[in-house]
Structures are given as C-alpha cells and as structure tokens.
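Coordinate inspection notes
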Protein chains: 2
Amino acid sequence: MNVSDAIKYKRAVRKFKDVPLPDDVVFAILNAGRRAQSAKNTQPWHFIAIRKKETLAEMARLGEWASHLAGAALAVAILTVDPAIRFSIMFDAGQAAAYMQLAAWELGVGSCLATIYQPEKARTLLGFPEDFYLNVAISFGYPLNEVVLTAPPVKGGRRSFADTVHWEHW
Amino acid sequence: MNVSDAIKYKRAVRKFKDVPLPDDVVFAILNAGRRAQSAKNTQPWHFIAIRKKETLAEMARLGEWASHLAGAALAVAILTVDPAIRFSIMFDAGQAAAYMQLAAWELGVGSCLATIYQPEKARTLLGFPEDFYLNVAISFGYPLNEVVLTAPPVKGGRRSFADTVHWEHW
C-alpha cells in the first residue's frame, strides 16, 4: 500500500476481531514506532506491548474513551519522559504513534488512540518508573468490520484545505 | 512506495536543490497533514505554506538549528492552539508532521523539522493571531544529494528494539 493511500483511507477502528496478531505483524508495528524521528534523535519514548486480555481490560478502565483497548489484540503504551520538560516530547510521541498506525494499516490492522486519564493507576498496572509518563496508548487489531479497510474516506471528516492552509502569511 | 519502506528509508534532509516543488506536490504534502487524526478530531492546527525566498531566509533565523529552512523549496509552519492546554496538542501536531514528511518522501521530497526558538518574531513575520503558537516548522525540497532517497538506513540510528520495547510490563 502506498503512503498516500494509507493516509487517505486510514480511519480509527475501535472494534476488533477476537484473533491474535501474528508476531511478525506485532514486530513490524513496534519497529515502525522505534524508527520514528525525534528532536535531536532523543527518542524520548519506551513502548510497552500488551497482549494479555486481563491487562487490556484493566487498560480500558484508565480513560474515559479507552474502552476499545479491552477488545484489542495488542495495545502499545507510549511512555515518555516528562512531557512538561519541552513541547517536542509529545510531538515526537505523536510521530511515533503515526508511524505505528500507518504501518499497521498497511498490514490490514486497525487502530485507535486512547488518552490515559489515570496515569498513576497505569504506573501501578504496568510497573514503569517515576521518570516515565503514560498519556497515550494505542489499540491494534484486525477490524471487526473489514469493509473499513477499503471504504472511501468519510466526507467532511476534516476542515477544508482553505480553512487549514494559509499561503505565505496568515 | 509502500508505508514500511517509507518509514525504513526516510531520513532527515537538510540540503535541497534550488528548484521549486510543483504545485501538485505542495498540495499533496499539505493535504497529508490536513488528513491526520487528532484527539476528538479537534484538528488543533493551521499550516502556513511558505515558498518566498525572503521569508524562508527569515524563518531560518528563528531557531538555533533552523538554517536548513533558508534553502528549502517549501516550509510548512505548524501553528497550534496553546500547547500548554493539553498534551494532545503537540502530540497531534507531531502526527500531522509525520504524515506530511512521509507523504513527501514518497514523492522524492526530503524534509527536516526545525524547532522555532523565537515564537514572537515568528508571529510578527507570519502575522498569526495571539491564540496560535508556532513551535515547529518543516523544510521540504528535492534532496541536493539524490543518493539519500535510496540509501540504506543508517546503522545504529535508533536505540535497539530490546532497549525500546517491553513486553506486558516494564
């Protein structure tokens, strides 16, 4: 799948088939995130890859709209150093997330971001140290409804080009 | 170009040929950013697309490592609402940047991120309103050294998989 099609057709997927992802697919997704660029190549992230159903179910309770994690075949928790240090940390985490989700889409794997609203419960659940923070996790899995993989983009899903892009000056 | 190759081979490009990018390439890059996902689809960004050489030269003076902007065929300034409001704003900006840079790479266009260290000078230069902020701009152009487009990834450019990924728990 070429890049422009992946960008055009990828959509959020929140309902997944109850089948595991093959190991090579899991590695491809994680490697895509690992390869993302970052400010001064600081790579300010660690990833926790979660496939145990009990842990996924616990993760789903850490955010108001995180319930899709419970049905995922894989969740990737994106840990960062303290994002309050500089704006580039969450920016870089966003780049890594985009890489993972586009790489997944090419492999027929859907995904959805979840904001973690209970970071300290997450720390207890996943055992990460004090100097790392969890704000975002991503659910991955084969879409329950396969039609989404080839469906046309939703009309009106984004602001228009004219409302988004300025030429030379605001 | 498939997604996994774009992710694997894309590298930062800081030196560009002194030739303009065709309009359809510029639109493809900007549309890729526009199509990025964002928390609750807030699309917390505006993009200013800059091709005037004088403005690019001024942009290059807004950050300590931003000099590559001067030689770019296109700079995209990613404006966001106040990134201090919530961590997802810069995260979403990072996703949009990744989309633009991967879409560009597929079209043979190199790019490099620049952190803007003089946001108020940037505001004066580009005329954006008080409730928008500029932390990151991206330079785009055809690589001066075309070899980079097909060169193998730099060895040791990222932490190892084992140093980055944890299974189930830290």
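Residues numbered from 1 in each chain as written. Chains lettered and ligands numbered in written order. Predicted model: local features only at pLDDT ≥ 70, side-chain atom pairs only at ≥ 80, totals over all residues. Heavy atoms only, no water.

1. A short note on the overall build of chain A
In terms of regular secondary structure, chain A is built from six helices and five strands. Helices and strands appear in chain A in the N-to-C order α-α-β-α-β-α-β-α-β-α-β. In terms of overall size, chain A behaves like a compact globule, its C-alpha atoms giving a radius of gyration of 16 Å where 170 residues would be expected to give roughly 15 Å. Across its three principal axes, chain A shows a C-alpha extent of roughly 45 × 40 × 30 Å. Sorting the 170 residues of chain A into buried and exposed places 55% on the buried side. Contacts in chain A between residues far apart in sequence, at least 24 positions, make up 77% of those at least 6 positions apart. Total accessible area computed for chain A in this model is approximately 7,300 Å², and 55% of it derives from carbon and sulfur atoms. Measuring between centres, the 19 positive side-chain charges of chain A sit 4 Å from its 16 negative side-chain charges. (Helix = DSSP H or I, 4+ residues; strand = E, 2+ residues; numbered from the N terminus. Rg over C-alpha atoms; globule rule 2.2 N^0.38 Å. Buried < 20%, exposed > 50% of the residue type's maximum accessible area, 1.4 Å probe, protein only. Contact = heavy atoms within 4.5 Å. Areas by Shrake-Rupley, 256 points an atom, 1.4 Å probe, with all protein chains shown as cover. Lys, Arg positive; Asp, Glu negative; His and termini not counted. Charge placed at Lys NZ, Arg CZ, Asp CG, Glu CD.)

2. Brief notes about the sheet that holds strand β5 (residues 165-167) of chain A
The strand order β5(A)-β1(B)-β2(B)-β4(B)-β3(B) describes an open sheet built from five strands, whose pairing is mixed. In the strand order of this sheet, the two ends are held by β5 of chain A together with β3 (110-115) of chain B, each with one partner. On average, adjacent strands in this sheet sit at an angle of 25 degrees to one another, irrespective of strand direction. Here strand β1 (residues 45-50) of chain B pairs with strand β2 (residues 74-80) of chain B via six bridges, running antiparallel. Its bridge partner lying in β2 of chain B, H46 of chain B is registered against L79 of chain B. (Pairing = 2+ DSSP bridges. Axes fitted to C-alpha atoms, helices over the stretch in contact; angles between N-to-C directions.)

3. So, the relation of the copies chain A and chain B
For the match of chain A to chain B, the screw axis carries a shift of 0.0 Å, the RMSD comes to 0.0 Å, and the turn is 180 degrees. Both chain copies can therefore be described as sitting about a two-fold axis. With an isologous cut-off of 70% or more, the 100% of interface residues of chain A that recur at the interface of chain B puts this contact in the isologous class. (Least-squares fit on C-alpha atoms with pLDDT ≥ 70 in both.)

4. Examining the packing of helix α2 (residues 23-34) of chain B against helix α4 (residues 88-106) of chain B
Residues and elements named next belong to chain B. Packing of α2 against α4 brings their axes to within 7 Å, and their N-to-C directions diverge by 150 degrees. The pairing of α2 with α4 is recorded here as roughly antiparallel in orientation. Like other packed secondary-structure pairs, α2 and α4 cross with a definite hand, here right-handed. Two secondary-structure elements touch here, α2 through I29, A32 and G33 and α4 through A96, Y99, M100, A103 and A104. When its residues are assigned to classes, the contact of α2 with α4 shows seven nonpolar, one polar and no charged. (Parallel < 35°, antiparallel > 145°, perpendicular 65-115°, else oblique. Left-handed = near helix turned anticlockwise from the far one by under 90°. Nonpolar A, V, L, I, M, F, W, Y, C, P; charged D, E, K, R; others polar.)

5. Re the pattern of salt bridges
Side chains bearing opposite charge may pair, as long as their charged atoms lie close to each other. Residue and element names in this part refer to chain A. Evaluation of the coordinates by the stated rule reveals ten salt bridges over all chains. Of the charged contacts in the structure, one is a salt bridge between R51 and D23, with a shortest N-O distance of 2.9 Å. With R51 in the loop between β1 (45-50) and α3 (53-59) and D23 in helix α2 (residues 23-34), this residue pair connects regions lying 28 residues apart in the sequence. Overall, the relative accessible area of 47% leaves D23 in the partly exposed class. (Salt bridge = Lys/Arg side-chain N within 4 Å of Asp/Glu carboxyl O.)

6. Some words on the side chain of T55 of chain B
Within the secondary structure, T55 of chain B is located in helix α3 (residues 53-59). Here T55 of chain B is in contact with E168 of chain A together with I50, L125 and L126 of chain B, once residues within four sequence places are set aside.

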